[in-house]
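Commentary on secondary and tertiary structure
These are the residues of each chain, in order.
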Amino acid sequence: LNSVRRPAGLRVLVLAGIRVDGTREETARLLRGLRSFSGLSAVALRFSVPATFGSLLPLGALLALRRAWPKVGLFALGDMSVHGFDYWPEQMTDFRELYPHGQMPEPSEVFLNEFRHVLATQYQKSATTEWERMEDAEQSFWGAVACTLPAMPHSEVRRRVAELFPSGL
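Residues numbered from 1 in each chain as written. Predicted model: local features only at pLDDT ≥ 70, side-chain atom pairs only at ≥ 80, totals over all residues. Heavy atoms only, no water.

**Regarding the overall build of the protein chain**
Looking only at helices and strands, one finds eight helices and four strands in the protein chain. Each helix and strand of the protein chain, ordered N terminal to C terminal, gives the series β-α-β-α-α-β-β-α-α-α-α-α. Relative to its full complement of 169 residues, the protein chain shows a buried share of 41%. Carbon and sulfur atoms form 54% of the exposed surface of the protein chain, whose accessible area is close to 9,300 Å². (Helix = DSSP H or I, 4+ residues; strand = E, 2+ residues; numbered from the N terminus. Buried < 20%, exposed > 50% of the residue type's maximum accessible area, 1.4 Å probe, protein only. Areas by Shrake-Rupley, 256 points an atom, 1.4 Å probe, with all protein chains shown as cover.)

**Digging into helix H1 (residues 24-33)**
The complete set of buried residues in H1 reads Thr27, Ala28 and Leu31. The arc enclosing the buried residues of H1, seen along the axis, measures out at 100°, which places them on a common side. Residues of H1 that are exposed and point more than 90 degrees away from the buried face comprise Glu25 and Arg29. (Arc of directions from axis to C-beta.)

**Focus: the pattern of salt bridges**
When their charged atoms lie close together, side chains carrying opposite charge are able to pair. Considering all chains together, one arrives at two salt bridges under this definition. For Arg133, the salt bridge identified is with Glu130, shortest N-O distance 3.1 Å. Of this pair, Arg133 and Glu130 both sit in helix H6 (residues 127-133), three residues apart, which is roughly one turn of that helix. Owing to a relative accessible area of 12%, Glu130 belongs among the buried residues under this scheme. (Salt bridge = Lys/Arg side-chain N within 4 Å of Asp/Glu carboxyl O.)

**Overview of unusual backbone geometry**
Look at Gln124: it is not a glycine, yet its phi comes out positive at around 50°. By the element assignment, Gln124 lies in the loop between helix H5 (107-122) and H6. For Gln124, a relative accessible area of 61% puts it in the exposed group.

**A closer look at helix H3 (residues 59-67)**
Across the nine residues of H3, seven count as buried, placing the element largely inside the fold. Of all the positions in H3, only Leu59, Ala61, Leu62, Leu63, Ala64, Leu65 and Arg66 are classed as buried. For H3, the elements touching its buried residues are H1, strand S3 (74-77), H5, H6 and helix H7 (136-148). (Contact = heavy atoms within 4.5 Å.)

This is the structure:
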């Protein structure tokens, strides 16, 4: 990652099958370093880390990492994985499953969908309480994401074809 000359210019980052053998501090430093990749629109990090995100990063650092990627619309954290997409990956979820009302979601809905599980299981915190504690400026990030969600492509293949052949075919 240190060899990337312009981290903010990178759009897609995929790291899979990597075992991070460093200490918790080294791993946390690696995760914090991902904030410099602010141009990402798709990210998939699947690796073995010495601990869960909750013990590697303070909650503020985790939220700062998420806010570093404004082009990522759908963000999901697992015990040892981070996924972010600028399209709806059908194999993971569907817009109508996350937002059954079918309209633009409220910013709090987006935050709760992204962080409810990880906050409860790894930080022993309530996502609703954390949302209520946020400043308006912090909440506005999820408002911007909420605005992009309904119009996000529902298929990576269609998205990539549209980028390659913008004629509308």
